[in-house]
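# Structural overview for review
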Amino acid sequence: MKAIGICGSTRKNGTDFAVRRALEILEKEYGVETTYFTVRGKKINMCIHCDDCVKKNTKTCTIFTDDISHINEEFLASDIIILGSPIFEMGMSPQMSAILSRSRPNYNALKEDPNVFYDKLGMAIAVGGARNGGQEMTINSLHGFFHTNGMIPIGASMGVYNGAAIWSQDKVPFTKDVDEYGIKNLDTLTRKVGETLKLIKGIK
Ligand SMILES: Cc1cc2nc3c(=O)[nH]c(=O)nc-3n(C[C@H](O)[C@H](O)[C@H](O)COP(=O)(O)O)c2cc1C
């Protein structure tokens, strides 16, 4: 069982903390093999909609070779995909948006097999400086990636709802005490993802 966690922040702060924490829970409590990827210091190009990958039916982008060229293969190989983004203008960061835009070749995989992602679980984390800074909207946009690929976005009850909404208060460094409630919800959501994976895999 594999999970990839993407941190869409160029900083080592709230989003990095949250994505790493979720991966640690999955690894320690559910025996999931985890991979962490951060946009920090990475060369990332965004999709320019040339559709060359679609025309040539390739698995990866045909025109850009950069630090995210391997990400689509990682998505295909993972059971759990965690997308964590800092909030920029009440939406996801431009780096996270660039990564998701480059998943255009997934269309080729889906044409061949519309169920290629059907049992993959998606979890979204949004970290904002303001308490109501666009966390829910950002999470919904991240869920858009899971929906367009036919994955299963995971939410939870008792105030967690669509994802882990974290309020960093723009504090650097971010610690769990900055937003105890947000981190409690992150843990709850992560365990829901772990339990759902067990259900899907038929693990008691
Ligand atoms: C360009 C820019 C736009 C931002 N827009 C928002 C926003 O709309 N809502 C919000 O809550 N925080 C906003 N912030 C604050 C960041 O989301 C916040 O500092 C967050 O903790 C950054 O994530 P990090 O701690 O992982 O680096 C913005 C920050 C930047 C640089």
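Heads up: these notes are all about the structure in this document.

Conventions we followed
- Residues numbered from 1 in each chain as written.
- Predicted model: local features only at pLDDT ≥ 70, side-chain atom pairs only at ≥ 80, totals over all residues.
- Heavy atoms only, no water.
- Near = heavy atom within 4 Å.
- Polar contact = N/O pair within 3.5 Å; in protein donor to acceptor, adjacent residues only side chain to side chain.
- Areas by Shrake-Rupley, 256 points an atom, 1.4 Å probe, with all protein chains shown as cover.
- Helix = DSSP H or I, 4+ residues; strand = E, 2+ residues; numbered from the N terminus.
- Nonpolar A, V, L, I, M, F, W, Y, C, P; charged D, E, K, R; others polar.
- Core = buried A, V, L, I, M, F, W, Y, C linked by side-chain atoms within 4.5 Å.
- Buried < 20%, exposed > 50% of the residue type's maximum accessible area, 1.4 Å probe, protein only.
- Contact = heavy atoms within 4.5 Å.

Once that is clear, we can look at the site of the ligand. Close to the ligand lie 17 residues; Thr15, Ile87, Met90, Ser168 and Asp170 are nearest. Contact between the ligand and Ile87: an oxygen atom at 2.7 Å from a main-chain N or O atom of the residue. The fraction of the free accessible surface of the ligand (630 Å²) that becomes covered by protein chains is 76%. Residue assignment for the shell around the ligand shows that the elements contributing at least two residues are helix 1 (14–30), strand 3 (80–88) and strand 5 (121–128). The element that contributes the greatest number of residues to the shell around the ligand is strand 3, accounting for three residues. Across the shell around the ligand, the residue classes break down as six nonpolar, eight polar and three charged.

Counting 28 residues, the largest nonpolar core has Ile80, Ile82, Met123, Ile125, Ile166 and Leu186 as the members making the most contacts within it. Counting residues per element, the ones that place at least two in this core are strand 1 (2–7), helix 1, strand 3, strand 5, strand 7 (164–167) and helix 7 (180–201). Sorting elements by how many residues they give to this core places helix 1 first, with seven residues. Excluding anything up to four places from it in sequence, Ile125 contacts Ala18, Val19, Ile82, Leu83, Gly84, Ser85, Leu142, Ala164, Ile166 and Leu186. In terms of nonpolar packing, the next biggest core, distinct from the first, is built from 23 residues, Ile4, Met96, Ile99 and Phe117 among them.

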